[in-house]
Amino acid sequence: MQIGEVAARTELSLRTIRHYEETGLVIPSARSQGGFRLYTEADIARLMVIRRMKPLGFTLDQMRDLLDATARLDSGEELAPDEREALLERVHGYEQDAAEQVEKLRTQLARAEEFATTLRERLTRVTAL
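First, a word on what this report is: a plain description of the structure on this page. Keep in mind that what you see is a predicted model, and the values were worked out from it rather than measured.

Rules behind the numbers
Residues numbered from 1 in each chain as written. Predicted model: local features only at pLDDT ≥ 70, side-chain atom pairs only at ≥ 80, totals over all residues. Heavy atoms only, no water. Helix = DSSP H or I, 4+ residues; strand = E, 2+ residues; numbered from the N terminus. Rg over C-alpha atoms; globule rule 2.2 N^0.38 Å. Salt bridge = Lys/Arg side-chain N within 4 Å of Asp/Glu carboxyl O. Buried < 20%, exposed > 50% of the residue type's maximum accessible area, 1.4 Å probe, protein only. Expected span 1.5 Å × (residues − 1). Axes fitted to C-alpha atoms, helices over the stretch in contact; angles between N-to-C directions. Parallel < 35°, antiparallel > 145°, perpendicular 65-115°, else oblique. Left-handed = near helix turned anticlockwise from the far one by under 90°. Contact = heavy atoms within 4.5 Å. Nonpolar A, V, L, I, M, F, W, Y, C, P; charged D, E, K, R; others polar. Lys, Arg positive; Asp, Glu negative; His and termini not counted. Polar contact = N/O pair within 3.5 Å; in protein donor to acceptor, adjacent residues only side chain to side chain. Core = buried A, V, L, I, M, F, W, Y, C linked by side-chain atoms within 4.5 Å.

**Some words on the overall build of the protein**
- The helix and strand tally for the protein stands at five helices and two strands.
- Along the protein, from the amino end to the carboxyl end, the secondary structure elements read α-α-β-β-α-α-α.
- Whereas a compact globule of 129 residues would reach a radius of gyration of roughly 14 Å, the protein reaches 21 Å, over 25% beyond that.
- By its C-alpha atoms, the protein is 70 × 45 × 20 Å across when sized along the principal axes.

See below:
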C-alpha cells in the first residue's frame, strides 16, 4: 500500500507517518520503482500500536522499546528463558503503565462530563426563566 491508503486506514496524517519513519518507529517495507513508500499489513499493525500508545503519553523511545520487545516475542526465534522473561517483563511494565494512564483519562473524562452537565443545567435554568 502507498502512504495515502495507509493514512486513510490508520487515521494518521501523511506528515505523522513520515515523522515516524524519520524517527525509525515504522520503516516502509519497500519502495516502488518510482520511490514511493510501500507498506504491508504488518507496517499498518505497527502504526496502529503507535496510534494507540500516543494518547496515553508514551514517548517515542517507549513506543520503540515496546514494539521491539513484542516483535522479538512474536518472531518465533528461539529465545533463552531469561531473555524471554526479560522481554515479557518489559511488556508487562508497559501494560501496567497503560492501565494507569487509562484510569487517569477516565477520571479526567468524568470531570469533563460533570462540567458539561453543570453548564447544560445552568443553561436550562436560565432559559426557563
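**Looking at the pattern of salt bridges**
- Enumeration according to the criterion identifies nine salt bridges in this entry.
- Among the salt bridges present, the one from E11 reaches R51, with a minimum N-O distance of 3.3 Å. Placement of E11 in the loop between α1 (3-10) and α2 (14-22) and of R51 in helix α3 (residues 41-53) is noted, with a sequence separation of 40 residues between them.
- Judged by relative accessible area, R51 falls into the partly exposed class, the value being 29%.

**Brief notes about α3**
- With 13 residues, α3 should reach 18 Å at 1.5 Å per residue; the first-to-last C-alpha distance of 19 Å fits that figure.
- Within the span of α3, buried status applies to D43, I44, L47, M48, I50 and M53.

**Observations regarding the packing of α1 against α3**
- One way to put it is that α1 packs onto α3 with a least axis distance of 10 Å and a crossing angle of 45 degrees. Judged by the inter-axis angle, α1 sits oblique to α3. Taken as a pair, α1 and α3 cross one another with a handedness that is right-handed. Contact residues: α1 offers V6, R9 and T10, while α3 offers E41, I44, L47, M48 and R51.
- Here the contact of α1 with α3 is composed, by residue class, of four nonpolar, one polar and three charged.

**Side note on helix α5 (residues 81-128)**
- Here α5 spans 69 Å end to end across 48 residues, near enough to the 70 Å set by a 1.5 Å rise per residue.
- Buried within α5 are the following residues: L87, G93, Y94 and A98.
- Contacts made by the buried residues of α5 are with α4 (60-74).

**Quick notes on unusual backbone geometry**
- Its identity is not glycine, yet E11 carries a phi of approximately 60 degrees, on the positive side.
- On the basis of relative accessibility, which here comes to 61%, the residue E11 falls in the exposed class.

**What about the side chain of D43?**
- Position of D43 relative to the elements: it lies in helix α3.
- In this structure, D43 is buried with no salt-bridge partner, the nearest side chain bearing the opposite charge being R46 at 6.6 Å.
- In terms of polar contacts, D43 uses its side chain to reach the side chain of S29, at 2.7 Å.

**Digging into the nonpolar core**
- Counting 21 residues, the largest nonpolar core has I17, L25, I50 and F58 as its most contacted members.
- Every element with two or more residues in this core is listed here: α1, α2, α3, α4 and α5.
- Per element, the largest residue contribution to this core is five residues, and it comes from α3.
- Setting aside anything within four residues of it in sequence, one finds F58 in contact with M53, M63, Y94, D97 and A98.

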